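Descriptive structure summary
Take a look at the letters that make up each chain.
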Amino acid sequence: MILLALLLASHALAAERILIDTDCGYFGDDGAALVMLLRSPQRVQVEGITIVSGNVWARSSARYTLEILKLLGQSRIQVYLGAEMPLVHSPAMAEHAHKNWGPLEFRGAFEAPRPSSAPPGVQPMDAVQRLIRTFDANPGRITLVALGPMTNIAMALRLRPDMALKIRRLVFMGGQLRVPGNASSEAEFNFWFDPEAAQVVLRSTIPEKIMFGLDICNKALLDKEGFDRIVRTRTPVTDRFREDFGNRYPGFHKNPKATVSLWDSVVPAWLIEPALFAAPEILHLDADTRFGPSYGKVIPLDRKLAPEAAPVQMMKDLDSAKVLELFRDLLESKR
Ligand code: RIB
Ligand code: CA
């Protein structure tokens with residue numbers, strides 16, 4: 001019995017404690033990332049989920065996230081509602097950009113009406129306070145996994161700059177450097193939706209910032225064949241995945257030749273199997289916050305402006321076949 005207890009304790013010790021900040025839609029890449037993380041307890045222990053506007057408004061995202069947690073039998077995971085609006089950006093600004101600087105590829109929540117109320121089931125504490133209290137209570141022991149715009153994280157850092165050094169490491173999907181954007185031609189969606197928040201985080205002293213931008217995410221593509229292999233296994237999770245990827249985006253049922261990046265799902269693949277990834281490039285990066293054609297674009301950091309900024313570890317390459325296999329295995333799992 002003692003041996004079993006020791007084994008379980010060592011097993012729990014091995015798992016990395018993480019808090020997830022997400023703009024999860026109906027399912028999408030955020031939903032797939034949640035499934036991958038929650039089905040890998042030997043690697044990660046999910047401490048909680050904070051919600052931010054991005055793909056959809058935060059109140060809608062909270063509802064979708066609670067639905068996905070229920071499908072996974074993980075309703076014990078606590079969900080905290082965060083920023084409904086980005087720090088500065090707005091639908092009107094996006095409309096101006098669309099009309100004057102070239103068509104926008106994706107505007108996320110800006111294209112939808114704002115929900116009037118939050119769903120039942122979210123925690124009374126807001127996401128920013130949850131972030132602050134989590135890292136205050138566990139200095140240097142919890143990893144922050146950011147899968148959406150960085151509004152909550154920036155607000156927490158501005159309220160409590162000392163929080164930065166209490167985050168073990170930040171692992172995030174966002175930005176791009178040597179490839180085009182996917183919201184505007186210049187900027188990746190998470191950074192485009194809230195460039196000022198991205199700038200606060202990139203200029204912060206968070207000791208480790210591990211970036212999964214479009215430069216690496218564009219190399220992890222799901223096609224119709226991969227989609228078909230997953231949906232052949234009928235489970236509540238793969239049914240929701242099928243409805244979303246099949247009918248909504250990228251709409252494989254109507255567009256069998258489509259491909260879609262795993263985007264956020266690349267992050268859990270690294271947390272679970274880091275050996276599938278090449279070494280990162282170390283850079284001091286910033287986000288362009290000038291309201292213009294490159295709003296939200298990743299640019300080199302002028303270090304005179306943020307001399308204490310910790311560098312970014314920008315991930316550039318992966319074994320895409322094995323990452324896709326891990327993606328499929330965890331989505332298909334009947335656990
Ligand atoms: O650019 C991809 C990012 O934008 C992902 O996080 C996706 O979920 C959307 O939020
Ligand atoms: Ca996301």
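Calculation criteria
- Residues numbered from 1 in each chain as written.
- Chains lettered and ligands numbered in written order.
- Predicted model: local features only at pLDDT ≥ 70, side-chain atom pairs only at ≥ 80, totals over all residues.
- Heavy atoms only, no water.
- Core = buried A, V, L, I, M, F, W, Y, C linked by side-chain atoms within 4.5 Å.
- Buried < 20%, exposed > 50% of the residue type's maximum accessible area, 1.4 Å probe, protein only.
- Helix = DSSP H or I, 4+ residues; strand = E, 2+ residues; numbered from the N terminus.
- Contact = heavy atoms within 4.5 Å.
- Near = heavy atom within 4 Å.
- Polar contact = N/O pair within 3.5 Å; in protein donor to acceptor, adjacent residues only side chain to side chain.
- Areas by Shrake-Rupley, 256 points an atom, 1.4 Å probe, with all protein chains shown as cover.
- Nonpolar A, V, L, I, M, F, W, Y, C, P; charged D, E, K, R; others polar.
- Axes fitted to C-alpha atoms, helices over the stretch in contact; angles between N-to-C directions.
- Parallel < 35°, antiparallel > 145°, perpendicular 65-115°, else oblique.
- Left-handed = near helix turned anticlockwise from the far one by under 90°.
- Arc of directions from axis to C-beta.
- Salt bridge = Lys/Arg side-chain N within 4 Å of Asp/Glu carboxyl O.
- Donors = N, O, S within 2.8 Å, 3.2 Å for Na, K, Ca; no water.

1. With respect to the nonpolar core
- Counting residues in hydrophobic clusters, the biggest one holds 65 residues, and the most contacted among them are Phe27, Phe212, Leu222, Phe241 and Phe277.
- With 7 residues, the top contributor of residues to this core is helix H2 (residues 28-38).
- Dropping the residues within four chain positions of it, Phe241 is found in contact with Phe27, Leu222, Phe227, Ile230, Val231, Gly246, Phe327 and Leu331.

2. So, the site of ligand 1
- In the neighbourhood of ligand 1, the contacting residues comprise Asp23, Asp29, Asp30, Asn55, Leu147, Met173, Asn182, Glu188, Phe189, Asn190, Trp263 and Asp264.
- At 2.8 Å, a side-chain N or O of Asp29 approaches an oxygen atom of ligand 1.
- At 2.5 Å, a side-chain N or O of Glu188 approaches an oxygen atom of ligand 1.
- Surface burial for ligand 1 is 97%, taken as the share of its 280 Å² of free accessible area covered by protein chains.
- If you list the elements that add at least two residues to the shell around ligand 1, you get H2 and helix H7 (189-193).
- Its residues assigned to classes, the shell around ligand 1 comprises 4 nonpolar, 3 polar and 5 charged.

3. Overview of the packing of helix H5 (residues 127-137) against helix H6 (residues 151-159)
- Where H5 contacts H6, the two axes come as close as 9 Å, and the packing angle between them is 60°. Relative to H6, the element H5 lies oblique. For the element pair H5 and H6, the recorded crossing hand is right-handed. Every residue of H6 that contacts H5 at Ala127, Val128, Gln129, Leu131 and Ile132 is listed here: Asn152, Ile153, Met155, Ala156 and Leu159.
- Tallied by class, the residues present in the contact of H5 with H6 amount to 8 nonpolar, 2 polar and no charged.

4. Considerations on helix H4 (residues 91-100)
- Looking only at H4, the buried set comprises Met93, Ala94 and Ala97. All buried residues of H4 fall inside an arc of 100° around its axis, so they share one side. Exposed positions of H4 whose direction lies more than 90 degrees from the buried face are Ala92 and Lys99.
- Where the residues of H4 are buried, they touch H7.
- Where H4 ends, the next residue or the one after it, Gly102, has phi of about 110°, a positive value.

5. Quick notes on the environment of Leu330
- Mapping Leu330 onto the fold places it in helix H13 (residues 320-332).
- For Leu330, a relative accessible area of 7% gives the class buried.
- Residues Leu330 and Lys209 lie 121 residues apart in sequence; the distance between their C-alpha atoms is 26 Å.

6. Re the pattern of salt bridges
- The full count for this structure, using the stated rule, is 23 salt bridges.
- Its salt-bridge partner being Arg63, residue Glu67 comes within 3.7 Å of it at the nearest N-O pair. Of the two residues, Glu67 and Arg63 both sit in helix H3 (residues 58-71), 4 residues apart, roughly one turn of that helix.
- Glu67 gets classed as partly exposed once you look at its relative accessible area, which sits at 28%.
- Overall, Arg63 belongs to the partly exposed group, its relative accessible area being 37%.
- In this structure, Lys166 engages Asp136 in a salt bridge whose closest nitrogen and oxygen atoms are separated by 2.6 Å.

7. Details of the packing of H6 against helix H8 (residues 195-202)
- Two numbers describe how H6 lies on H8: the axes approach to 8 Å, and their chain directions differ by 55°. It follows that H6 is oblique to H8 by the angle criterion. Considering only the axes of H6 and H8, their crossing is left-handed. Every residue of H8 that contacts H6 at Thr151, Ile153, Ala154, Leu157 and Arg158 is listed here: Ala197, Val200 and Val201.
- Residues belonging to the contact of H6 with H8 are distributed by class as follows: 6 nonpolar, 1 polar and 1 charged.

8. Side note on the coordination of the calcium ion (ligand 2)
- The calcium ion (ligand 2) binds to the protein through Asp23 (OD), Asp30 (OD), Asp30 (OD), Leu147 (O) and Asp264 (OD), with metal-donor distances spanning 2.2 to 2.6 Å.
- Spacing between the donor residues of the calcium ion (ligand 2) along the chain follows D-x6-D-x116-L-x116-D. For the pair shown, Asp23 and Asp30 are each scored as buried.

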